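Commentary on secondary and tertiary structure
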Amino acid sequence: MSSALLAIGRRRTTAERRRDRERDIIRATRELFDERGTIDAQIDDIAKRVAINKALIYRHFAGKEELFALTLVDYLGELDERLQAVDGPRRAPMNRLRSLSEVFVDFCLEYPAFADCAMSLLRRTGEELFGEITEPVMTKLGTAMATALERISAILKAGQKSGVFDEVDTDYLANHLYTQTLGAMHMARMGLIVSRTGPGPDKIPGHPVVHQADIATVRSTAITATLATAVGRLAFAGTPASRPTRSAATGKAGTSANGKAGAANGKADPTSNGKAEAKTKATARRSTSRPAGENP
């Protein structure tokens, strides 16, 4: 074998060893995250877990933040596998979103360090992240996040098409739901609820009290909040404020405050007392003094 081919073989072997070591370091970091949390996972401990010198870690990663970002990529990869396993495009959008929300919440509860790591990145600006993390790693992180978020976005689009979810930019809303759920999981992580006792005998406001948060309640509320946020303004579609008004003088269907035609389904909107739309002339004359939209 020529010396050139041997050199290529050595370079390939070196590259493979480098990738293997990087995977070992990321695996050790995640193990420490799951055992101790992100705060107590130190570079020295990671190096000991992999049985390498601490300096070698900085040969593979720009710093602790970059290593943590790649560990988050590992978490996100596993999360997306779980999301994919429960999703099905033939299911109703509401059920699809509920299933994905349940998986996401349960993943955060199973791996609290994942939520901590994700929240720590959200607290930094883009400029700060690019100052701490190299562009290739940022690309990996962005791709991992986008893959999971796209699943949510696709469900939101399907729900909008079928009329069960609000007409909001789906990419924005997917990011909002991701951040919203992480915030709720932080409450579960802290396990604390702050309130204030009632006034004392002298009507003096009570002191603040710290309660233990019920994890099952936090979980249920986080899932419900996801579904409610996706439904959005459609939840108010049946309220009096959003119903179409009627012309007092003519009794014909008018337009609602949002400028849309009175009946959403094309049928006449019945009055609150269930009477027919036809009014006697006397009633019509009396109605002229009323504000538009007020029932006779």
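Residues numbered from 1 in each chain as written. Predicted model: local features only at pLDDT ≥ 70, side-chain atom pairs only at ≥ 80, totals over all residues. Heavy atoms only, no water.

**Examining the side chain of Thr 170**
Relative to the helices and strands, Thr 170 is located in helix α9 (residues 170-190). By relative accessible area, Thr 170 is classed as buried at 9%. At 3.0 Å, the side chain of Thr 170 forms a polar contact with the side chain of Ser 153. When residues no more than four places from it in sequence are discounted, the contact partners of Thr 170 are Ser 153, Leu 156, Lys 157 and Gln 160. (Helix = DSSP H or I, 4+ residues; strand = E, 2+ residues; numbered from the N terminus. Buried < 20%, exposed > 50% of the residue type's maximum accessible area, 1.4 Å probe, protein only. Polar contact = N/O pair within 3.5 Å; in protein donor to acceptor, adjacent residues only side chain to side chain. Contact = heavy atoms within 4.5 Å.)

**Focus: the packing of aromatic side chains**
Per the counting criterion, the structure on display carries eight aromatic pairs. A ring pair is formed by Tyr 75 and Phe 107, whose centres lie 6.4 Å apart and whose planes are at 85°; its orientation type is edge-to-face. Residue Tyr 75 is found in helix α4 (residues 64-86), and its partner Phe 107 is found in helix α5 (residues 93-110); the two are separated by 32 residues along the sequence. By relative accessible area, which is 0% here, Phe 107 ends up buried. With 5.2 Å between their ring centres and 75° between their planes, Phe 107 and Phe 114 make a pair best called edge-to-face. The exposure class assigned to Phe 114 is buried, which follows from its relative accessible area of 0%. (Phe/Tyr/Trp six-rings, centres within 6.5 Å; stacked < 30°, edge-to-face > 60°.)

**Thoughts on the packing of α5 against helix α8 (residues 135-162)**
Close contact between α5 and α8 brings their axes to 9 Å; oriented N to C, the two are set at 155°. In terms of orientation, α5 lies roughly antiparallel with respect to α8. Handedness of the α5/α8 crossing: left-handed. The segment α5 lies against α8, with Pro 93, Arg 96, Leu 97 and Leu 100 engaging Arg 151, Ile 152, Ile 155, Leu 156, Ala 158, Gly 159 and Ser 162. Within the contact of α5 with α8, the residues separate by chemical class into seven nonpolar, two polar and two charged. (Axes fitted to C-alpha atoms, helices over the stretch in contact; angles between N-to-C directions. Parallel < 35°, antiparallel > 145°, perpendicular 65-115°, else oblique. Left-handed = near helix turned anticlockwise from the far one by under 90°. Nonpolar A, V, L, I, M, F, W, Y, C, P; charged D, E, K, R; others polar.)

**Re the nonpolar core**
If you look at the biggest cluster of nonpolar residues, it comprises 66 residues, and the most contacted ones within it are Ile 57, Leu 67, Phe 114, Leu 156 and Leu 182. Sorting elements by how many residues they give to this core places α4 first, with ten residues. Setting aside its immediate chain neighbours within four residues, Leu 67 contacts Ile 25, Ile 26, Thr 29, Ile 43, Ile 46, Ile 57 and Phe 61. (Core = buried A, V, L, I, M, F, W, Y, C linked by side-chain atoms within 4.5 Å.)

**Thoughts on the environment of Thr 224**
Here Thr 224 lies in helix α10 (residues 215-231). A relative accessible area of 47% means that Thr 224 is categorised as partly exposed. Measuring from C-alpha to C-alpha, the distance between Thr 224 and Glu 102 comes to 9.8 Å, with 122 residues separating the pair along the chain. Reaching out from Thr 224, the side chain makes a polar contact with the backbone oxygen of Ser 220 at a distance of 3.0 Å.

**Examining empty space enclosed by the protein**
Gaps left between atoms show up when a probe the size of a water molecule is rolled over them. Under the definition given, this model contains one cavity of 30 Å³ or more. Size it by volume and the largest cavity reaches roughly 180 Å³. Along the wall of the largest cavity there are 15 residues; nearest its centre are Leu 83, Leu 100, Phe 104, Ile 152 and Tyr 178. At the level of secondary structure, the elements contributing two or more residues to the lining of the largest cavity comprise α4, α5, α8 and α9. Of the residues that constitute the lining of the largest cavity, the class distribution is twelve nonpolar, three polar and no charged. (1 Å grid on protein atoms, 1.4 Å probe; cavity = no way out; pocket = protein on both sides within 12 Å on 5 of 7 lines; lining within 4 Å. Points joined across faces, edges and corners; volume = space filled by probe spheres on them.)

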